[in-house]
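Each chain, written out:
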Amino acid sequence: MAEVFLKTLPFFALIGLGWIAAATRFFPQAGAAWLTRFVFYFALSAMLFRFASGLDLAALFDGRFVLAYLAGSSLVWAIGMAVARARGLPLAEAAMEAQCCMIGNTGFLGVPMLVVLLGERAVGPILMVLTIDMLVFSTLITLIVHASRSGGVRLAAVVPVLRGIGANPMILSMVAGLLWSWYRLPMPAPAAEFLLLLGAAATPGALFAIGASLAGRRLKRLAASGWLSLAKLVLHPAAVGAAAWALAVQPFAAGVMVAAAALPVAGNVYILAEHFGVAQQRVSTTILISTAVSIVTIPLVMVLIA
């Protein structure tokens, strides 16, 4: 446990450094927003393209892996929705809470950290988790919010969702990398060096940006946010782990899936909450609590899956 904690500590130290820089106003909130933009559109995209272009596409897709992650995540999503509705929350708020229960920070935290901790063998499973989260559950929450406000799902609501998915730089970079791999295109040495240099900025940039974005958050609605953090950090990895065991997912891939499920709530859940004007404070506090507590829970999960 101590050894794993020491391995994860530098990653959380970078998050803490970003938090200190923003909390002391040495690094302004506008700077955090622009750093996030750089990581999202350039550094992380370069890293994802480089990883995807080196994958064996035929061996990447595993139906049992996809089914296990979907089953475990859907169960936790349904539990989050049921608990929220039992508390009398309207449909849009309940769906946003359900989203907090199972959407982890796979892009900004999971890809950089888990690849370092578990090796490049983890790239394929991590990318599958990231793709399922974006294609299935991000689409689901958007459609539910639109339906709750307009009385049903209409084509006018579906088209912007599909357009947003198609324009997402993480999706585009992964698809481009997989196509590069599929056609077995050679990677010129200057291009490989360029991707390596730019992608190397993703890890420190993403972690620093996470910390800086947390500095502006305040602890409110602690009871609800505490429950959502518990669901994300404990129920989600437990559910996908049980599903992976039941479906006999290959052990290493199952371990990566559980580790990815143990990540704290993703910042893009707050972006959706802010965009729709739904449960912003609850989501913000949940991101802060789950990120802080994950300093302990992630090493524990890494020890358990080992």
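Residues numbered from 1 in each chain as written. Predicted model: local features only at pLDDT ≥ 70, side-chain atom pairs only at ≥ 80, totals over all residues. Heavy atoms only, no water.

Re unusual backbone geometry
Glycine aside, a negative phi is what most residues show, and trans is what most peptide bonds show. Our working definition: A helix here means a DSSP run of H or I that spans at least four residues, while a strand means a run of E at least two residues long, and both kinds are numbered starting from the N terminus.
Positive phi, close to 65°, is recorded for Arg25, a residue that is not glycine. Take Arg25: it is sitting in the loop between helix H1 (2-23) and helix H2 (29-53). Phi is positive for Ala279, which is not a glycine, with a value near 55°. By the secondary structure assignment, Ala279 is in the loop between helix H14 (267-276) and helix H15 (280-305).

Re a nonpolar patch on the surface
To be explicit about the condition: Candidate patch residues must exceed 30% relative accessible area and have no salt bridge, after which like charges are joined if within 9 Å and Val, Leu, Ile, Met, Phe, Trp or Tyr side chains if within 5 Å. Accessible surface is estimated by sampling points in the Shrake-Rupley manner with a 1.4 Å probe; for residues, cover comes only from the protein chains shown. The salt bridge definition used is simple: a Lys or Arg side-chain nitrogen within 4 Å of an Asp or Glu carboxyl oxygen.
Together, Met1, Val296, Leu300, Val303 and Leu304 give the surface a local cluster of nonpolar side chains, amounting to about 460 Å² of exposed area. As for its placement among the helices and strands, Leu300 is situated in helix H15.

Thoughts on helix H7 (residues 123-150)
Where we set the bar: Residue count minus one, scaled by 1.5 Å, sets the expected span of a helix. Values of bend correspond, residue by residue, to the angle between axes fitted over the seven residues ending at that residue and the seven starting there.
The first and last C-alpha atoms of H7 sit 40 Å apart over 28 residues, in line with the 40 Å expected at 1.5 Å per residue. Where H7 bends most, the angle comes to about 30°, and this point is Asp133.

Here we look at the packing of helix H4 (residues 63-86) against helix H5 (residues 91-100)
Convention followed: Only C-alpha atoms enter the line fits that serve as axes; for helices the fit covers just the stretch in contact. Angles between N-to-C directions range over 0 to 180 degrees. For classification purposes, angles smaller than 35 degrees are called roughly parallel, those larger than 145 roughly antiparallel, those between 65 and 115 roughly perpendicular, and all remaining angles oblique. By the definition used in this description, the sense in which the near helix is turned from the far one sets the handedness, with an anticlockwise turn below a right angle giving left-handed and a clockwise turn giving right-handed. Contacts: residue pairs with any heavy atoms within 4.5 Å of one another. Residues are grouped as follows: Ala, Val, Leu, Ile, Met, Phe, Trp, Tyr, Cys and Pro are nonpolar; Asp, Glu, Lys and Arg are charged; all remaining types, including Gly, are polar.
Remark: H4 packs on H5, axes separated minimally by 8 Å, with the N-to-C direction vectors making an angle of 140°. Of the possible angle classes, the one that applies to H4 and H5 is oblique. Considering how the two elements wind past one another, H4 and H5 form a crossing that is right-handed. For the pair H4 and H5, the contacting residues are Trp77, Gly80, Met81, Ala84 and Arg85 in the first and Leu91, Ala94, Ala95, Glu97, Ala98 and Gln99 in the second. Broken down by class, the residue content of the contact of H4 with H5 amounts to seven nonpolar, two polar and two charged.

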